[in-house]
Amino acid sequence: MRHQGATPMMFGFGDEWWVLLFYPAVLWVLFGPFAMVSLGVWCASAPGSRPRLWSVLVPLIPVVTSSIPMIFPLDKWERPVRVDGALEPPEQLYEFLGYVAVYVGGITLLPWLLGYGITRLVRFVRSRRSGAGFPGETHAGTPLPLRSPGDRTRLSERHQSGL
């Protein structure tokens, strides 16, 4: 068996090395939303810059490697000229905007926002139910009966002083 000009590979010929860029993209489509939800939960529950740094670094490789075939070759980005001489946006622009909307927005950002927002909401609701509200309120959130108008002020002063 003889091939002309290129070395045989699993996906065709040896000059199609750019196909390897799609491996992280395919894996990110399958597992990326789960990873981003867990990173969003981690950011919402842990203070500091470490969770936020990992939320940027983890999706960086699959998003960048999958955007390379969307951007290159650069000759697709030339602006076509209409008959009347006006410039039109390049055809590649709409494909790239669709990629950014679906791949970056839908698969990467939306799951992170859902994980972060739901975790913050659950923590807020739990803190309200546990009675971590204003001193002088019961666990159900109903105010205690006050004996005089200054009781609430004295309660808040005592709470601020640490008593």
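Attention in this report is confined to the structure presented alongside it. It should be emphasised that the depicted structure is a prediction, and the values quoted were computed from it without experimental measurement. (Residues numbered from 1 in each chain as written. Predicted model: local features only at pLDDT ≥ 70, side-chain atom pairs only at ≥ 80, totals over all residues. Heavy atoms only, no water.)

## Description of the nonpolar core
Grouped together as the largest cluster of nonpolar side chains are 11 residues: A25, W28, M36, L39, C43, V63, M70, Y99, Y103, I107 and W112. Those elements that place two or more of their residues in this core are α1 (22–45), α2 (50–71) and α3 (91–129). In terms of residues, this core owes the most to one element, α1, which gives 5 residues. Ignoring any residue separated from it by four or fewer positions in sequence, one finds Y103 in contact with P24, A25, W28, V29, P62, V63, S66 and T108. (Core = buried A, V, L, I, M, F, W, Y, C linked by side-chain atoms within 4.5 Å. Buried < 20%, exposed > 50% of the residue type's maximum accessible area, 1.4 Å probe, protein only. Helix = DSSP H or I, 4+ residues; strand = E, 2+ residues; numbered from the N terminus. Contact = heavy atoms within 4.5 Å.)

## Focus: the environment of P89
In this fold, P89 is placed in the loop between α2 and α3. For P89 and E78, which are 11 residues apart along the polypeptide, the C-alpha to C-alpha distance reads 8.5 Å. Each residue touching P89, except ones within four places of it in the same chain, is listed here: P80 and Y94.

## Details of α1
Each full turn of the α-helix corresponds to 3.6 residues, which orients residues three or four apart in the same direction. Counted at 1.5 Å a residue, the expected span for α1 with its 24 residues is 34 Å, and the 33 Å between its end C-alpha atoms agrees. The largest bend in α1 comes to about 60°, at F31, with the proline P33 one to four residues further on. Within the sequence span of α1, burial applies to A25, W28, G32, M36, L39, G40, C43 and A44. As for α1, its buried residues are in contact with α2 and α3. (Expected span 1.5 Å × (residues − 1). Bend = angle between axes of the 7 residues up to and from the residue.)

## Thoughts on the packing of aromatic side chains
This model, assessed by the stated rule, comprises 3 aromatic pairs. Taking the centre distance of 5.1 Å and the plane angle of 10° together, the rings of W112 and Y116 count as stacked. Of the two residues, W112 and Y116 both sit in helix α3, 4 residues apart, roughly one turn of that helix. Residue class for Y116 comes out partly exposed when judged on its relative accessible area of 26%. Here the aromatic residues F96, Y99 and Y103 are joined through ring pairs into a cluster of three or more. (Phe/Tyr/Trp six-rings, centres within 6.5 Å; stacked < 30°, edge-to-face > 60°.)

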